Each structure stands twice: as structure tokens, then as C-alpha cells.
Amino acid sequence: MKELKINLFALLAITAPLLTSCQDDDEGQTTEKEYPYNLAEKEEAFGKANDVFSADEWYPGGQLGTTRNRSYSAFSPAVEVLNDGEAHFTHGEDFFEHMYTLNTEPRKGLGPAWVRSSCFHCHPGYGHGKRQDRYRANDIGNGYLLVIYHPATNGYITEVTGMPQTQAMSPFKAPIDESLIDIQWKKVTEMESGLALQFPDGEEYELIYPEVVIPQTAFNTNPKPEDYEVRLESTIGIYGTGLLDAITDDDMREQYRKEAKHAELNPAMWDKEADDFAASAYYKANYNDLGTFHGDHGPVKKFTYAMTRGSLQDGPGANAIWNITNVTRSDRHFLYTTTAWAKAQSEDEEVISYIQEHGADENSLLHPFYADGKKENISERVNDILSISSIAKKETFDKYLFKGMPYNGKEEMGDEDYYDFMVWHRGLAVPAARNLNDKDVMRGKELFAQIGCTNCHRPSWKTGDDKMWVDACIKAYADSKGLAKDGNYSKLLPQYPNQTIWPYTDMVQHKLYMKNDIRTGWCRTTPLWGRGLSQVLTGAEDRLHDCRARNEIEAIMWHGYSKDSHAYRPTEKFYNLPKADRDAIVKFLRAI
């Protein structure tokens, strides 16, 4: 069995460069030359236990979810057990790595407004987004989503979509004019906690944070928003998310129950009095059956900083391939738009005149908006179509967009393409750990636990049976091919049953009370696995939710900005460590 695994990893090391070679220079994508994926170095100690690490810890994603190819993009061994799994994975990868277009298959369907034209824009090298000095949707590495909310309620503004769009199909004007977005990076001059900006041994560190302003004039909506603030949230690495999906709700409940004895947890997730999950902790959506996955409720929310999604099949990736590009598919016959944007576009004389001049041709993407060619009717049709922002307007979607010209009833993303995309997404492996036999790395692990970091960055979990929820698109594809006559659709996707994994997260939200903090202040503990490869794989090692930390030291010290921080005590202990011990912890973080 051991020999089989070694050969499997060798195969992955050989094939992974081929999988990434499909990136195109002419589309502005990153090339293989810039990001050499085959970075494996032979470690004689690999897979062997020592005084600090078990043999299993070389495999952060378990035997089924780890690759020794030092890449965020390699497929996991779990992909190989699927029928034609590697072919589905490679085809699904294509949808991540390449740009979407308005009307060229297979990545057809951009618009009428969108956040990015590809997944790769936000996930450079498949990893965490990079810190930005300006907001431009087309800048590779800009993984920022604009978080625009009312500070009095923490609720998102409703004039633009929850993930605000700054791009639109001509002649429509983007919901937000990104050229007016201003990002300023400010330097912390003193910590609220009283910790100095230099360690007791004299070594200095610096903390910076973003201030973001979007003037009201930047919004192409009617009405325009009022009384709002803006924050940035960066993407995180997408590898290993299938493994997190395999952690059971019962195991998460026990973790919450354990921590609730010592800290206040987000009441939207945990009912302290009932000593159980709050009703709002369970995920549901009105366009699918996920809300009844466990009989009377859906799965526990576990994805995104804000804990907004409960299943990878309707979570990050599955959701993003639809709303970031605004592509249509069989399970979502509605647009990612708002009525305020629709109204503003329907009242814009330039928009209406352009459609009147160019929309008569039945092959034009503007034809659905053309109506009978009269300006007043074009205006009404623009408002009708751009307002199709929920499943409740499915009939309007079918009537004006889907069944008519130029779409003719064909989904922009077909069920098989979506299935392949999800094989890829669930199939991404976690990079193997490195240098676990290094004395400093071993010392770093011990210190990480001794000062209390593992209270939140829980080292390991054991996954459950991984009988995941499967969405309507994949079921429709499977039924069309007769692939799941036994009703077991989950077997069609990479599964990770009963794996001991080492993500270093408790899957719980905490508050750090940072300056210009994340919306609501609650932020899920981010997994640490594979982050040590960020510099070489993405060209940056920015950390935390808005990339304010440029390295591990800054990330750790932001945990101690306020004495109210849930992580203040461990940070205070880190602050008082000798430099050699601080460096050992950093070296440990780069090894796992």
C-alpha cells in the first residue's frame, strides 16, 4: 500500500505540469515558466515520524487529499478513483484558468454585469489574493471583493449585488465605476493593546491597514446608496475545500460546544442557552433543496469568512462560477443583478438609444432588450430583464432570455461542464508538508501549541463518511448518462471519507478587534495548510481577510492589536518570545 502511494505521487509530479500548461499568454494568464509547479525536493525523512510530528502529518489532506507536487492546482488521489476522473478534472480546470467571454463557447455567458471575467483573476496560482493599491477587476491577483454595508446594521446595501460588480456589457454601465474607488494604506502608529511596535529584543515590525472610499457618484443605480462604509475581503486558497466539506456537522458542534465554555461565539451561529447551533447556522437557499438535506434543516454553514455557505456544491466556486461571471445554467434561471441597477439603466438615454440602433438583429446579445424597437418599450424591457434577480422571476428569464433569440434554449454553462468544474474543485489536493524533520520546525510546532495558538488553529480533524449534498445540475447530468441509477450521486465526485487532515482551523468565527476590521468583526479561522508555498506559487504571501498582513509576523501581531481580541493572550506570549523562537514558529507555519 505504501509503495502504491509513492508511485501515485510520482505520477502526479509528472502530470501536473501538463495540466497547467494550458494557460494562455495571449489571455493575460500566468505562464508555467513564471510559476514552476514541479517544485518537489526529495526529502529523505518524508513520511517518517519524529519526536514531534507523526508520520500522518506529512499528509495534511490525508492519504486521499494530499499531493507531493508542491502546487495548489494538483488533483488529489481521490480523483483517480472516479471513472475518467482525471479527464473530468482537466476539463473542469479549464473553466477556472481561462477567461469567460460574452458569446464564445465553451466559456460563454459573461454579463450583463460581472465581477471578474475569470476565477484566476482572484486566485493567483490558485491561492490567496494579493494586496492591491487600486481596485481594477482586470488586474490578475486582485482577489478583493468590495464589502459595502450599512454600519448601523452591518447589512449589505441593496442597490448593488452582495459581491459588487464593476464591469458590464456595453451599452450598460457597470453598477460601480471602479475608477472612482480609492484605496489608501495607513500605518498603525500604536496598538490599542499597548504592545509596542517592536519586540522586547528590539526587532521592529510594522502594521498597515486599508481605508477604502467609494463616492456616491460611482454608483450607477437608482436610488443611490446612502450611509454606507466599505471594506475589502480577499479570496483565500481554494485547494482542500473538498476536505473541509467532509468534516461532519456533529464534529463541528462538539468544537463549538467546547469553545463556548471559554468564549463568546457568534450568536448567529451558536445558541449559548441551548448549547447547540442557532437556527440561522444552517444553510438553505430558495433555488435548491439544500435546506432539507438533514430532514428539517440544511448543513451547518462552514465556508467563507462570514460563514455564508454550507456545502461546497452550493458554496465558494459553485456559487462563484455563476455570480462572478453571471453565466446561466440549469439550476439558476435568474441573474445576479439588482432592481436599482435595472432602473438606472432603463432610464439612461445613452443605453436606450444604443439598443435601438444595434439590437434589431436577432443574433445580437442586445436583441432580448429590443422589444418592438420603440424607446419606451426598450426601456421597459431593459428594466424587466435586468431585474430578474431571483428564482421568483424564472418565467421572465425563460421568456425573454433563455427561450428566445439568440440563446435558443441553450444554457451558457451546460450540466456536464458544471459537473467537470465541480470534480476539479472538490478534487484539488493539499500540498504535502515540508521540512518536518527540521529542528526549528519541530521547535516551532511545540511553541505554537504552548502559547495557545492551537486553541483556534486546531491542528487536525477526522472527516466523516463524506456523503455530500449534490446539486440539481450534477444530478441532471448523471441521469442523462445513467451514471447513478442507484441514487448515489455523491460517488460521482471526489470523496474523502475517514481521513485525518491537518488544516489548522477550528472552523469557528472569532473576533480580533482590528482597526478597520472585517464587517461584523466575526471571521472564520483560516486554514493554514499550504500557506508556506504562497510566495513561490502566487508571487505574494499576503495574509488575513484584506491582505493587510504582508508576512506571518504581521499576521500574528494583528491578533494582538486589541486586548479584546480572542487571540490576545497567545499573541502577547508570542510578542515576548526570543527572536529565535518567533522565527521557529514562522518556519513551522511555512512547513505545514
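Refer to the preceding data block for the structure.
Residues numbered from 1 in each chain as written. Predicted model: local features only at pLDDT ≥ 70, side-chain atom pairs only at ≥ 80, totals over all residues. Heavy atoms only, no water.

1. Some remarks on the overall build of the protein chain
In step 1: Summing up its helical and strand segments, the protein chain has 19 helices and 14 strands in all.
In step 2: Against the globule reference of 25 Å for 592 residues, the protein chain gives a C-alpha radius of gyration of 24 Å, in line with a compact fold.
In step 3: Overall, the C-alpha framework of the protein chain stretches about 80 × 55 × 55 Å when taken along its three principal axes.
In step 4: Residues classed as buried in the protein chain amount to 60% of the 592 residues present.
In step 5: Restricting the contact set of the protein chain to residue pairs at least 6 apart, pairs at least 24 apart contribute 70%.
In step 6: Carbon and sulfur atoms provide 48% of the accessible area of the protein chain, an area that totals close to 23,500 Å².
In step 7: In the protein chain, 66 positive and 90 negative side-chain charges are present, and the distance between their average locations comes to 3 Å. (Helix = DSSP H or I, 4+ residues; strand = E, 2+ residues; numbered from the N terminus. Rg over C-alpha atoms; globule rule 2.2 N^0.38 Å. Buried < 20%, exposed > 50% of the residue type's maximum accessible area, 1.4 Å probe, protein only. Contact = heavy atoms within 4.5 Å. Areas by Shrake-Rupley, 256 points an atom, 1.4 Å probe, with all protein chains shown as cover. Lys, Arg positive; Asp, Glu negative; His and termini not counted. Charge placed at Lys NZ, Arg CZ, Asp CG, Glu CD.)

2. Considering helix α19 (residues 579-591)
In step 1: Taking 1.5 Å per residue, 13 residues should reach 18 Å; α19 reaches 18 Å between its end C-alpha atoms and fits that length.
In step 2: Asp581, Arg582, Ala584, Ile585, Val586, Phe588, Leu589 and Ala591 are the residues of α19 that are buried.
In step 3: Contact partners of the buried residues in α19: α14 (439-450), α17 (552-558) and α18 (568-575). (Expected span 1.5 Å × (residues − 1).)

3. Some details on the side chain of Glu57
In step 1: Looking at the element boundaries, Glu57 is found in the loop between α1 (2-20) and α2 (62-65).
In step 2: Separated by 2.9 Å, the side chains of Glu57 and Lys445 make a polar contact.
In step 3: Ignoring sequence-local partners within four residues, the contact set of Glu57 consists of Val52, Ala433, Leu436, Lys445, Trp502 and Tyr504. (Polar contact = N/O pair within 3.5 Å; in protein donor to acceptor, adjacent residues only side chain to side chain.)

4. Some thoughts on the nonpolar core
In step 1: Ranked by internal contacts, the top residues of the largest apolar core, which has 119 residues, are Ile148, Phe172, Ile176, Ile214, Tyr256 and Phe369.
In step 2: Per element, the largest residue contribution to this core is six residues, and it comes from helix α13 (residues 415-427).
In step 3: For Phe369, the residues in contact, after removing those within four places along its chain, are Met169, Phe172, Ile355, Ile378, Arg381, Val382, Ile385 and Leu386. (Core = buried A, V, L, I, M, F, W, Y, C linked by side-chain atoms within 4.5 Å.)

5. Thoughts on the pattern of salt bridges
In step 1: Overall, the coordinates contain 39 salt bridges when judged by the stated rule.
In step 2: With its nearest N and O atoms 2.9 Å apart, the salt bridge here joins Lys445 to Glu57. Here the residue Lys445 occupies a position in helix α14, and Glu57 occupies one in the loop between α1 and α2, the gap between them amounting to 388 residues.
In step 3: Overall, Glu57 belongs to the buried group, its relative accessible area being 7%.
In step 4: Connected through salt bridges with shared partners, the residues Asp201, Glu203, Lys579, Arg582 and Asp583 form a single ionic network. (Salt bridge = Lys/Arg side-chain N within 4 Å of Asp/Glu carboxyl O.)

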